[in-house]
Amino acid sequence: MIKIGIIDYGVGNLGSVQNAFEFIKSHSNIAFQACIESSPDKLKDYDKLLLPGVGAFGNAMSHLEGRGLKEAVIAFAKSGKYLLGICLGMQLLFERSYEFGEHKGLGLLEGEVRAFSCTLKVPHVGWNSCTFSPKGLQSPLLKNIVNDSFFYFVHSFHICAKPELILAYCDYGYKFGAIVNKDNLFGIQPHPEKSHEVGLKLIENFIAI
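Everything numeric in this text was worked out from a predicted model, so none of it was measured.

Asks: Would you take a moment to explain the UniProt feature "domain: Glutamine amidotransferase" (unreviewed entry) in the chain for this structure?
Replies: In the UniProt entry, the feature "domain: Glutamine amidotransferase" (unreviewed entry) is given for residues 37-207. Between the C-alpha atoms that bound residues 37-207 there is a distance of 17 Å. The span itself is 23% helix and 36% strand.

Have a look at this one:
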């Protein structure tokens, strides 16, 4: 039985994420249990973690630190177990963000978070396609997902990272990294729990890795 922890640090749409796991559980042969977890001492007991997030980067980091979860998440990531960050949760994996000032992130992935600098409407809200990189085409996270599939986005800032981290790009005025991976760490900017079948398949792939 795979034990998955959905980290509750006061910033995130936990209900829709948990509902996605429950749907997958009822339609999959994978034996797993997904629980919402807020105790830093218990994170190490899970096989995999999911870091959701909605809102501002600096506020989210303050919540992680204030609840003692920052170091626990870093320790979990360094243990080699799999972790998936969603939307703001993905951005928190990086070194810093320039959202309403400069804020340090978890520093688990090299890169930073910056505002869109295009003429299109911001925030970027709605369905947009994700084009897989060569690495993405081979990634187990994207197994049996068609290249250029549409995911649901809601964000005003995006990551700036080296190409070797990128599994998929999105184009909104210009290309930016939408799905990333390094070793045991994964991140996705759009919301898979709101992206219908393709998003549920990505979550199922994460469970199966």
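Asks: Sorry, what's going on with the UniProt feature "active site" (unreviewed entry) in the chain here?
Replies: The feature "active site" (unreviewed entry), as annotated in UniProt, sits at Cys87, His191 and Glu193 in this numbering. Across 107 residues, the annotated set stays spatially compact, with a maximum C-alpha separation of 10.8 Å. By the element assignment, His191 lies in the loop between β13 (185-188) and α6 (196-208). For His191, the residues in contact, after removing those within four places along its chain, are Asn13, Gly53, Val54, Ile86, Cys87 and Tyr152. Of the polar contacts made by the side chain of His191, one reaches the side chain of Glu193; its length is 2.8 Å. Locating Glu193 in the fold gives a position in the loop between β13 and α6. For Glu193, a relative accessible area of 12% gives the class buried.

Asks: Can you walk me through the side chain of His124 in this structure?
Replies: With respect to the helices and strands, the residue His124 is situated in strand β8 (residues 124-132). A distance of 3.4 Å separates the side chain of His124 from the side chain of Asn128, its partner in a polar contact. Those residues within four positions of His124 in sequence are excluded, and the remaining contacts are Phe116, Phe153, Val154, His155, Cys170, Tyr172 and Phe176.

Asks: Just checking my understanding: could you explain the pairing of strand β7 (residues 109-115) for this structure?
Replies: Taken residue by residue, a regular strand's side chains alternate between the two faces of the sheet. With three bridges joining them, strand β5 (residues 94-97) and β7 adopt parallel strand pairing. Bridging from a neighbouring strand, Arg96 pairs with Glu112 of β7. Pairing between β7 and strand β10 (residues 157-160): four bridges, direction antiparallel. Counted as the bridge partner of Arg114 is His158 from β10.

Asks: So what exactly am I meant to see when it comes to unusual backbone geometry here?
Replies: Backbone geometry follows two general trends: most residues other than glycine have a negative phi, and most peptide bonds adopt the trans configuration. Going from Val122 to Pro123, the amide bond is cis rather than trans, its omega being 15 degrees. In this model, Asp183 sits at a positive phi of 55 degrees, which is unusual for a non-glycine residue. Turning to its location among the elements, Asp183 is positioned in the loop between β12 (175-182) and β13. Judged by its relative accessible area of 61%, Asp183 falls in the exposed class.

Asks: Could you clarify how one ought to interpret the pattern of salt bridges in this entry?
Replies: A side chain with one charge can pair with a side chain of the opposite charge if their charged atoms come near. For the structure shown, the criterion picks out five salt bridges. Note that Arg96 and Glu112 form a salt bridge whose closest N and O atoms lie 3.4 Å from each other. Of this pair, Arg96 sits in strand β5 while Glu112 sits in strand β7, and the two are 16 residues apart along the sequence. For Arg96, a relative accessible area of 26% translates into the label partly exposed. For Lys162, the salt bridge is made with Glu110, and the minimal N-O distance between the two is 3.3 Å. Within this pair, whereas Lys162 is found in the loop between β10 and β11 (166-171), its partner Glu110 is found in strand β7, the two being separated by 52 residues in sequence. In this structure Lys162 comes out as partly exposed when scored by relative accessible area, which is 40%. Note on Glu110: relative accessible area 46%, which makes it partly exposed.

Asks: Please clarify how the pairing of strand β2 (residues 32-37) should be interpreted in this entry.
Replies: Alignment of strand β1 (residues 2-7) against β2, held across six bridges, turns out to be parallel. Note that in β2 the partner of Ile7 across the bridge is Glu37. Since β1 and β2 lie parallel, the crossover through helix α1 (residues 14-26) that links them has a hand, and here it is right-handed.

Asks: Before we go on, may I ask you to explain the environment of Val122 in this structure?
Replies: Position of Val122 relative to the elements: it lies in the loop between β7 and β8. The exposure class of Val122 is partly exposed, given its relative accessible area of 37%. Along the chain, Val122 and Val154 lie 32 residues apart, while their C-alpha atoms are 9.4 Å from each other. With residues near it in sequence (within four places) discarded, Val122 still touches Phe116 and Ser156.

Calculation notes
Residues numbered from 1 in each chain as written. Predicted model: local features only at pLDDT ≥ 70, side-chain atom pairs only at ≥ 80, totals over all residues. Heavy atoms only, no water. UniProt positions renumbered as here; feature names shortened; annotations may be inferred. Helix = DSSP H or I, 4+ residues; strand = E, 2+ residues; numbered from the N terminus. Contact = heavy atoms within 4.5 Å. Polar contact = N/O pair within 3.5 Å; in protein donor to acceptor, adjacent residues only side chain to side chain. Buried < 20%, exposed > 50% of the residue type's maximum accessible area, 1.4 Å probe, protein only. Pairing = 2+ DSSP bridges. Salt bridge = Lys/Arg side-chain N within 4 Å of Asp/Glu carboxyl O. Right-handed = clockwise from strand over helix to strand, strands pointing away.

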